[in-house]
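Here's the letter readout for the chains.
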Amino acid sequence: MKIREMLQKDYVTLSFEVFPPKTEANFQSVYQAAMDVAALKPSYMSVTYGAGGSTRGNTMTIARDIQDKVGVEAIAHLTCVGATREDIRQTLKELQEAGIENILALRGDRPKNFEGEPFIDYHYASELVEEIKAFGDFCVGGACYPEGHVDAVNKKADIANLKKKVDAGCEYLTTQMFFDNNIYYNFLYRIREAGITVPVIPGIMPITRATQVKTACALSGCNVPERFRNLVDHFGENPLAMQQAGIAYATDQIIDLIANGVRHIHVYSMNKPEVAAGIQRNLSEILK
Ligand SMILES: Cc1cc2nc3c(=O)[nH]c(=O)nc-3n(C[C@H](O)[C@H](O)[C@H](O)COP(=O)(O)OP(=O)(O)OC[C@H]3O[C@@H](n4cnc5c(N)ncnc54)[C@H](O)[C@@H]3O)c2cc1C
């Protein structure tokens, strides 16, 4: 099933994200954790892609197995940094053969230790979106940044660029994490005003370890509200309490989104079945 069809339904969907193994040494444990998340039967799942193609085969294997072995629809992420047109066409052919119908098209970032020119045949995700749409019958999504992308000159320019991605054929958007829902509501208002009408799925990141805050925010440049900082200060040194508090905070964000009419929520559960299950449990009546 194409994700665009699911996004038209009049019920709440909750999707989870996992990442593929990066090395053969950790293949089994990472694979198993991804499958354990899938076993919770979310509405659909998405599987990340190592920029530069480092996890190409494993992204495909996990996405295919989530569909074939667990019966949950999967989105394969795909980045174009460091890729030639030929690389992308070959990957699209393999995705088609694996029965993957949904792709999240991304530019990606220059991988660490990458030598040479990272943007060869593609400079922006919008060009990848065009390539995928021309290649075959995929449903294509893209990323967006309620607080602005770190490379963007300003938010207005970022939204104008986002419009180009949607005009290129991007059918829905998933947001970068945010910890204050007002940032999402504000962003939604601004992009609707700019003529972007596709569904915008909020991406919620349950922070369950204090160290995660620093890494996540350094990478994304997202704002950490005082309410959240207090929680990390208070529970950060007690791993179980921090996990419980992080799940509760993410649940609270999701409930507020649903109460404000948002129907589709994506959770950056990564490969933590206990976190994904905790959120699902907290929403059991709401998701019925
Ligand atoms: C939901 C989500 C999932 C992600 N999954 C992955 C993953 O699996 N693997 C991974 O490696 N990374 C992933 N990322 C990170 C992403 O690859 C990086 O944030 C990357 O820096 C930007 O990718 P993009 O697709 O948003 O790029 P783009 O949409 O190309 O935007 C990148 C920058 O270029 C600017 N821009 C776009 N078009 C133009 C134009 N025509 N002219 C001038 N400027 C332009 C934009 O304003 C922005 O500043 C994900 C991010 C999100 C939010």
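Look a little higher up for the structure.
Residues numbered from 1 in each chain as written. Predicted model: local features only at pLDDT ≥ 70, side-chain atom pairs only at ≥ 80, totals over all residues.

(A) Structural detail: the overall build of the protein. Scanning the protein for helices and strands turns up eleven helices and nine strands. In terms of overall dimensions, the protein has a C-alpha envelope of 50 × 45 × 45 Å along the principal axes. With 288 residues in all, the protein has 42% of them scored as buried. If you take every contact in the protein between residues at least 6 apart in sequence, the share linking residues at least 24 apart comes to 82%. (Helix = DSSP H or I, 4+ residues; strand = E, 2+ residues; numbered from the N terminus. Buried ≥ 20, exposed ≤ 12 C-beta atoms within 10 Å, placed from the backbone. Contact = placed C-beta atoms within 7 Å.)

(B) Looking closely at the site of the ligand. Surveying the vicinity of the ligand reveals 24 residues, the closest of which are Thr 48, Ala 51, His 77, Arg 107 and Ala 125. Elements supplying a minimum of two residues to the shell around the ligand: β3 (74–79), β4 (102–106), α5 (125–135) and α6 (155–167). Among the elements that take part in the shell around the ligand, α6 stands out by supplying four residues, more than any other. (Near = placed C-beta within 6 Å.)

(C) Looking closely at the packing of helix α4 (residues 85–97) against α5. Following both chains from N to C, one finds α4 and α5 inclined at 50°, their axes separated by 11 Å at the closest point. In terms of axis orientation, α4 runs oblique to α5. Of the two elements, α4 crosses α5, and the hand of that crossing is right-handed. Between α4, through Ile 88, Arg 89 and Leu 92, and α5, the contact on the second element is made entirely by Leu 128, Glu 131, Ile 132 and Phe 135. (Axes fitted to C-alpha atoms, helices over the stretch in contact; angles between N-to-C directions. Parallel < 35°, antiparallel > 145°, perpendicular 65-115°, else oblique. Left-handed = near helix turned anticlockwise from the far one by under 90°.)

(D) Molecular detail of the pairing of strand β1 (residues 13–18). Counting buried positions along β1 yields five of six residues, so the element is predominantly enclosed. Where β1 lies against strand β9 (residues 264–267), four bridges are found, and the strand directions are parallel. Paired with Thr 13 across the strands is His 264, a residue of β9. In terms of strand pairing, β1 meets strand β2 (residues 45–47) through three bridges, oriented parallel. From the neighbouring strand, Glu 17 faces β2, where its bridge partner is Ser 46. (Pairing = 2+ DSSP bridges.)

(E) Up close: the nonpolar core. In this structure, Ala 74, Ala 76, Ile 103 and Ala 105 are the most contacted members of the largest nonpolar core, which totals 76 residues. Ranked by residues supplied to this core, first place goes to helix α10 (residues 239–259) with six residues. Setting aside chain neighbours within four positions, we find Ala 76 in contact with Val 47, Tyr 49, Thr 59, Met 60, Ala 63, Leu 95, Ile 100 and Ile 103. (Core = buried A, V, L, I, M, F, W, Y, C linked by C-beta atoms within 7 Å.)

(F) Local environment of the sheet that holds β1. Strand order across the open sheet formed by nine strands is β7-β6-β5-β4-β3-β2-β1-β9-β8, with parallel pairing between neighbours. Here the strands that pair on one side only, and so sit at the sheet edges, are β7 (200–201) and β8 (203–204). Across the sheet, α5 is in contact with β4 and β5 (139–144); its angle to β4 comes to roughly 150°.

(G) Up close: the environment of Gly 195. With respect to the helices, strands and loops of the structure, Gly 195 is situated in the loop between α7 (181–193) and β7. For Gly 195, a count of 10 C-beta atoms within 10 Å gives the class exposed. A C-alpha to C-alpha distance of 22 Å links Gly 195 and Ile 3, two positions 192 residues apart in sequence.

(H) Representation of the pairing of β3. Where burial is concerned, most of β3 is hidden: six out of the six residues are buried. Across the two faces of β3 the burial is the same, with Ala 74, Ala 76 and Leu 78 and Ile 75, His 77 and Thr 79 all buried. Here β2 runs beside β3; their pairing, made up of three bridges, is parallel. For Met 45, the partnering residue across the bridge sits in β3 and is Ala 74. With five bridges joining them, β3 and β4 adopt parallel strand pairing. Paired with Ile 75 across the two strands is Asn 102, which belongs to β4. In this view, the connection linking β3 to its parallel neighbour β4 by way of α4 has right-handed handedness. (Right-handed = clockwise from strand over helix to strand, strands pointing away.)

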